[in-house]
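# Descriptive structure summary
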Amino acid sequence: MSAHSFGARPSAASLVLRYAVASIALLVIGVPILYGLLCAFKPSREILLARFLPTRPTLGNFSRIFVDPRVLRAILNSFLVCFVALALGCLLCLLASIPIARRKERIFGIFYFLFLSSLIIPTISGFVTLYMMMVRLRLVNSLLAVSVLFAANMLPIGVLIFSSFLKTVPFELEEAAKIEGCGFFRRIFLVVAPLITAPIMSLAVLQFPAVWNNFLTPLLFLRKPEARTLTLLIYNYTRDHESDFGAIFALLFVGMLIPFGLFLGARRLIEQSIGITAGGIKG
Amino acid sequence: MVGKLESMEDVMGKRLTTVLVLLAAACALLFAGGGQEKTGPVKVSYMTWYTQGEEKQLLDKFMQENPKVTVEVEGVDGSKYGEILKMRMTAGDLPDFITCKQNFVEMLMREGWALDLTGEPSVKLLDRAPAVKEALTYRGKIYSFPHEAGVGYGQMYYNKLIFKKLGLPVTFAPKSIDEVEAALDVIAKAGVEPVLFGAKDFWVTGFFTLRWFESSLYGAIAAKNGGKLIEPNAAYYNGIAKPSDGLRFAFETLKKWQDRGWVSKNSLSMTWPESFAYFAAGNAAVFPQGSWVPGMDETKNADPAVLDLGCFSMPQKSVDGKNYASGYVDKMLMVNAKAKQLGGAKNLLNWMASEPNLVYYLNYRKMGNFILPLSGLTPQPVFADYAASLKALNPVTILTVFPNVPGDEHTNLGQFSQAVLAGKSVNEALANADAFYLEHKPEIKIPER
Amino acid sequence: MSGRARSWKSLEKREFTLALVSVLIPFTLFFIVVYFPQLTNLFFSFTNWDGYSREFRMVGLANFRKFFTYQPILSAMGNTFLFTGCVTVLGAVTQLGMALVLSRGLRGSSFFKAAFYLPLLFSWVVLAVIWNSILRNNGLLNSFLRTAGLAMLARDWLATPGTAMGSLIFLNTWCGFGYGLIIFLAGLNSIPPEVREAAAIDGARGLTEFRHVTLPLIMYSLTIDLFLGIGTLNIFDLVFVMTGGGPAGATRTVALAIYEEAFRYERVGFACASSLVFMAIVGVLSFLQVRTTRSQEVQY
C-alpha cells in the first residue's frame, strides 16, 4: 500500500491514484452543492424536471425574493444576532476560562466539569421550560434574548478551547502584572486578551455557522415576521411557498453565499480552531 | 515591564472600546427590532393558519368599514399550528382573536380561554342549522363560530385533458368504485401517473383513508353496534369498535390501488403543495383533495393547454341501501376570554360571521358547500359535476364531534396509511393503528355537554 | 515584614473572590439556560402533564418504566444507535482514508480540504431542500441512474423503509466529512518525522509501521470521532427536515421521538422522563469511552 510508506518517494502511479480518489470525493461533495446553486437560476417548473444544468437561465427568482421586504430584514437580523451572540459568547468564555485555566482550587475544576458534561444534554429537551421562561419575561420575539441563548450555548466548546489553549501559554506575564498591582479584571482584558486573540477569532469563526444556521431556537422564539433570521425564513419559505421552487432555491443561494464568503476569508482560522478543539478533547 | 503594560493598555483599550461600542449599537438595534408596543388605533391581534394572505381581502374590507380598528394578523404554518397554540396558551400569551379547529376550541374552553358567545348576533345565524348548533353547544353555551364548514368529502379532481386524450369520458361521473378502477387501469397502462398523493405529508393519505370511504366507515362501525348508527370516535372510545374496523376497507383499497400501479410512484416523495403543483402542471390524472380547489393559485394560473380541471365524487359502497357523508366544521372563529381588546375582537367576530360578509368570504375564496343555508353563495364551477353526483347519492349527513386522540386525527392515523404505501401490509398497519389508539386513549379529554 | 505578608494573603483572597465572580457570571447564565430546564424536566417526568393544562397528576415512576417497554421508543433507540454506529465507523474510515491520500503535502491538498469543508457551512434546512430534490423519486439521482442504464437501482430513496436510514447515514457522513478530515490530517502531521523516517529506513512494512504509526493514529482519531459521536446520538435537525421520522418510523431517532411525545402527543411528562433516561445512557457511554481511550493513548 503505497499510501503507508511515508519515507519512500511517491511513485507516479500512486500520485495519480491519490488525485483520482480525491477528485471523486470532490465530485461527491461538490456536485450536490453546485446543483443547489444552479437551481436558483431555473424557473420553478424546470426544477421539477431534475436536470442538472438550467436550459434557460433566469434571474427572475432573485427579483421575486428581493421584492419581499422580509428577506433583507432577515439577512440583517441574522447578521446582528451573529455579531452579538459571538461577541458576547467570546466574552463569557473568556471570563469563564481564565480562572479555570489559571487557578488551582477544586471548585474551578467542578465548573469545568459542569460546562463540559452539558454536551450530552439534547437541545430540544429544554425547550418547553425555556419557552415558558421567555414568555414570562416578555422576551419572545426578542432577537437580543435569542442572541444571549446562543452565547450561552457557546460556553462548553469555548471553555474547552480557551482553557486548553491557556494551559500552553506561560503565565509569567500575568504574574508580573499582578505584582505590579494590575487588578484581576484589568488583567484579563489587557494582558490575557491580546495573547488569546487567535483562539478567540477561531472560536468565533467556528461557531459562526452554528449560530447562523440554527433554525430550531428561532423557530420557537421568533415568530413575528420582522424578527426572523434568514435560516428561519428559508424554513418558512419551504412550508409557505412550497410550490415556488425557484424562489426557494434563490433564497438558498443567498443563504449559502454568506457563510461561504466568510469561510473564504477565514479558512485558516477554522483549521486552527478545529485543531485546538481536537487537542482539547485529547486533554 | 511597566512601559510594556502601558502600551498594551493603549492598544487593548482602543480595541476594547471599539468592540464594546459596536456591541452596544447592535444590542440597541436588536432591542429596537424586538417586541415593542406601538401606539395608535385599536389593534386586535389575530392568529390564523392562513399564511398566504388568504384572509387579507376580508380583513381589509373590515378595516375599511371600521377605520378605528386595525387587525394584526399572525399567520402560523398549519403543520405547527396546534403546537404553537398550546405553547402560547400555557404561557398565557394568546391573541385576541383566534382561528382553530373545534378540538382546540374545546381545549381553550377547558382551560378558561374561550369567550362565551351565546348572546352574540353571529351565533343567531346557527339557528338555521339546529344540528350544527347542538354539536357546538357545551352545557348550554357556545364558544365558536364555523367560518369554513361543509358537507361531503371524496372530491376527486381530475385532468379532463388527460381523460380526453385516453378516450375516457370528459365528464366523468362513476357510480361505483369499479368504474373508477377501470379508468385508473386505462390511465396506468398508458404510462400516465394515475392517482397522485402528496404522501410525504402523512395527513394526506390519512385524510383520504378516513374521509373518502365514509359509507363503509359508518357502515362498518354501525355493524359493530347492532346496526345502530354511532359516531366512530365514540365507538372507539367505548370499545364498541376498533379503528381497524372502520379503516379496513380504505386501507385495503389503497393497497390494491398501489399494487395495481394506480398510485403514482412519486407520491411518497412529494409534500402536499409539491403534489398539487405537479398535478397542475399536467403530470398526473387524478388528485384527491378537499373542497379547497387544488392550490388556488396553481389552478388559477394553470396553463389551459395542460390542465382542464374537473371533479367527481368518490363513489361509495352503500350500506343497507344507505350512503353516508360527513358534515364537517373545519375553521372555527373564537374570541380569547382574556383578550386585551375584548370589544374589538367581538366586533370582528360578529362582522365576519354576519351573512353578507360570510358569503363574501366564501365566494372570493371559492370554498365548497357551506353547512348553513346561506343566500348569495356562488358555487365554484368545478364543483358542478361533483355536487350533482353527491346529490344523486342522497346521503345521510352526519356531523361528528367526538374527540379523537390528541393531535390532528388525519396526521395521527395518517402515519399508518402512509406506511401502507411505503410497503407495510394492511394487517400490520391496522394493528399499529389500533395499538396507537389504545396507547393514547388516556389523553382523550371528553368535554362535558 | 508581617504587614507585607498579610497584604499578600488578602490580595490572594481577593484574587480568589474575583476569579470566582468571573466564572459565576457566565455560569449563572449557563445554569439558567441549560441546567435549570433539566431540573424542571426532572420534576415533570414524575407527572402526566400534557404541556398546557393547569392540572396534572403525579404518576411516580410510570414514565420511566414506560420508556423501557414502549415499542416506538425502543425502536427509536435502535435506529439512533444504528445511525450513530454506522456514521462513526463510516466517517472514521472515509476520513482516515482521505487523510492518508492527502498526506505528505500532496499538492493542492489545502484546496481539497477547503472544498470538503463546504457542507458544514450550510444549515440542514438548506441542504435538505437540495438533497430532497436529488433523492426524490423523480429527482436527479434517479434520472441519472435511468439514463445510465441502471434503472433497477432507481427507487424512492427517502420513502422506502429499507433505504431511508441508509440515505440519512450517507448524508450525515457526507456532511461531517470535512471536519473529521481536518482532525485526522492534523493528527497525521503530528507524527514526528523521526518516527516516520525510522520506519522507512528500517524498510519497515507491515507490522512495525502499523504499530508505531498507523495504530496510534487510528486510536487518536477514534477518540475524536467517538467524542463527536455523542452529538450524533442526539441527532434531530437532519431527520426533522429530511424525513420527519418516516417512512413508518424507520428513521425516527430518540430526539425526534421525544419531540413528538412532547409536542404532538401531549405527553410532556413522558417526554421529560425519556429525555433524562436517554441522557443518562449517553452519559454512561461517553464516560466509558473516555476511560478506554485515555488508557490507550500514545504520546510521542
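Model, not experiment: these values are computed from the prediction.

## Some words on the overall build of chain A
Helix and strand content of chain A: 15 helices and zero strands. Across its three principal directions, the C-alpha atoms of chain A cover 70 × 65 × 35 Å. A buried classification covers 50% of the 283 residues belonging to chain A. A fraction of 76% describes how many contacts in chain A between residues 6 or more apart in sequence connect residues 24 or more apart.

## Some details on the confidence of the model for chain A
Residues and elements named next belong to chain A. Per-residue confidence for chain A gives a mean pLDDT of 83; residues scoring 70 or more make up 93%. Of all the helices and strands in chain A, helix 15 (residues 267-282) carries the lowest mean pLDDT, 69, while helix 7 (residues 143-153) carries the highest, 93. Across residues 1-7, confidence stays below pLDDT 50; counting only partners more than four residues off in sequence or on other chains, it has 17 contacts.

## Thoughts on helix 11 (residues 197-213) of chain A
Along an α-helix, residues three or four positions apart point the same way, because every turn accommodates 3.6 residues. All names here are of chain A. Taking 1.5 Å of rise per residue, 17 residues should cover 24 Å, and helix 11 covers 25 Å from first to last C-alpha, within 8% of that figure. Its maximal kink placed at Gln 207, helix 11 deviates by approximately 35°, while the proline Pro 209 follows within four residues. Burial runs high along helix 11: 12 of the 17 residues are buried. Every buried residue belonging to helix 11 is among Pro 199, Ile 200, Ser 202, Leu 203, Ala 204, Val 205, Leu 206, Gln 207, Phe 208, Val 211, Trp 212 and Asn 213, and all of these are buried.

## Observations regarding the interface of chain C and chain A
Size of an interface: often given as the accessible area lost when the parts come together. Contacts between the two partners involve 75 residues from chain C and, on the opposite side, 69 residues from chain A. Sorting elements by how many residues they give to the side of chain C that touches chain A places helix 1 (residues 2-44) of chain C first, with 17 residues. When its residues are assigned to classes, the side of chain C that touches chain A shows 53 nonpolar, 16 polar and six charged.

## Focus: the sheet that holds strand 9 (residues 284-288) of chain B
Residues and elements named next belong to chain B. Ordered in space as 8-9-7-10, the four strands form an open sheet in which the pairing is mixed. Edge positions in the sheet fall to strand 8 (193-195) and strand 10 (309-313), since each has one partner strand and no second. This sheet shows a mean twist of 25° between the axes of neighbouring strands, independent of strand direction. In terms of strand pairing, strand 7 (residues 155-159) meets strand 10 through five bridges, oriented antiparallel. Bridge assignment links Met 156 to a residue of strand 10, and that residue is Phe 312.

## With respect to the domain arrangement of chain A
The assigned domain composition of chain A is domain 1 (7-39) and domain 2 (60-282). Put simply, the middle of domain 1 of chain A and the middle of domain 2 of chain A, counted by C-alpha atoms, are 32 Å apart.

## Structural notes on the pairing of strand 3 (residues 97-100) of chain B
All names here are of chain B. Alternating positions in strand 3 separate into two faces, Phe 97 and Thr 99 on one and Ile 98 and Cys 100 on the other, with burial throughout. As defined by bridge partners, strand 1 (residues 42-48) adjoins strand 3 across two bridges and the pair is classed as parallel. Looking at strand 3, one finds that Tyr 46 is bridged to Phe 97. Where strand 3 and strand 11 (residues 324-335) come together, four bridges link them in antiparallel fashion. Directly across from Thr 99, in strand 11, lies its bridge partner Leu 333.

## Notes on the packing of helix 9 (residues 172-180) of chain A against helix 10 (residues 184-195) of chain A
Residues and elements named next belong to chain A. Two elements in contact, helix 9 and helix 10, have axes separated by 10 Å at closest approach and are oriented at 140°. It follows from the interaxial angle that helix 9 and helix 10 lie oblique. The hand of the helix 9/helix 10 crossing is right-handed. In this structure, helix 9 uses Leu 173, Glu 174, Ala 177 and Lys 178 to contact helix 10, whose residues at the interface are Arg 187, Val 191 and Val 192. Here the contact of helix 9 with helix 10 is composed, by residue class, of four nonpolar, no polar and three charged.

## Quick word on the domain arrangement of chain B
All names here are of chain B. Domain boundaries in chain B define domain 1 (42-148 + 329-376) and domain 2 (155-327 + 384-443). When each unit is reduced to the centre of its C-alpha atoms, the spacing between domain 1 and domain 2 is 28 Å. Between domain 1 and domain 2, the residue contacts involve 11 residues of the former and 10 residues of the latter. For the side of domain 1 that touches domain 2, the elements supplying multiple residues, two or more each, are helix 4 (102-110) and helix 6 (130-135). Counted by class, the side of domain 1 that touches domain 2 contains five nonpolar, four polar and two charged residues.

## Description of the packing of helix 10 (residues 214-224) of chain B against helix 12 (residues 243-259) of chain B
Residues and elements named next belong to chain B. Look at helix 10 against helix 12: their axes get within 8 Å of each other, and the N-to-C directions meet at 145°. Crossing handedness for the pair helix 10 and helix 12: right-handed. Between helix 10, through Ser 216, Leu 217, Ala 220, Ile 221 and Lys 224, and helix 12, the contact on the second element is made entirely by Asp 245, Gly 246 and Phe 249. Residues that form the contact of helix 10 with helix 12 fall into these classes: four nonpolar, two polar and two charged.

## Some words on the environment of B:Asp308
Residues and elements named next belong to chain B. Residue position: Asp 308 is located in the loop between helix 14 (296-300) and strand 10. C-alpha separation for the pair Asp 308 and Leu 161, spaced 147 residues apart in sequence, amounts to 5.8 Å. Not counting the four nearest positions on each side in its chain, Asp 308 is found in contact with Asn 159, Lys 160 and Leu 161.

## Here we look at the nonpolar core
Counting residues in hydrophobic clusters, the biggest one holds 248 residues, and the most contacted among them are A:Cys93 and A:Ala96. Per-element tally for this core: the top contributor is helix 4 (residues 69-102) of chain A, with 21 residues. Those residues in contact with A:Ala96 that sit more than four places away from it in its chain are A:Phe115, A:Leu155, A:Val159, C:Val23, C:Pro26 and C:Phe27. Among the nonpolar cores identified, the runner-up in size contains 46 residues, and B:Leu94, B:Cys100, B:Leu362 and B:Ile371 belong to it.

Analysis parameters
- Residues numbered from 1 in each chain as written.
- Chains lettered and ligands numbered in written order.
- Predicted model: local features only at pLDDT ≥ 70, side-chain atom pairs only at ≥ 80, totals over all residues.
- Helix = DSSP H or I, 4+ residues; strand = E, 2+ residues; numbered from the N terminus.
- Buried ≥ 20, exposed ≤ 12 C-beta atoms within 10 Å, placed from the backbone.
- Contact = placed C-beta atoms within 7 Å.
- pLDDT = per-residue confidence, 0-100.
- Expected span 1.5 Å × (residues − 1).
- Bend = angle between axes of the 7 residues up to and from the residue.
- Nonpolar A, V, L, I, M, F, W, Y, C, P; charged D, E, K, R; others polar.
- Pairing = 2+ DSSP bridges.
- Axes fitted to C-alpha atoms, helices over the stretch in contact; angles between N-to-C directions.
- Domains from an automatic or database assignment.
- Parallel < 35°, antiparallel > 145°, perpendicular 65-115°, else oblique.
- Left-handed = near helix turned anticlockwise from the far one by under 90°.
- Core = buried A, V, L, I, M, F, W, Y, C linked by C-beta atoms within 7 Å.

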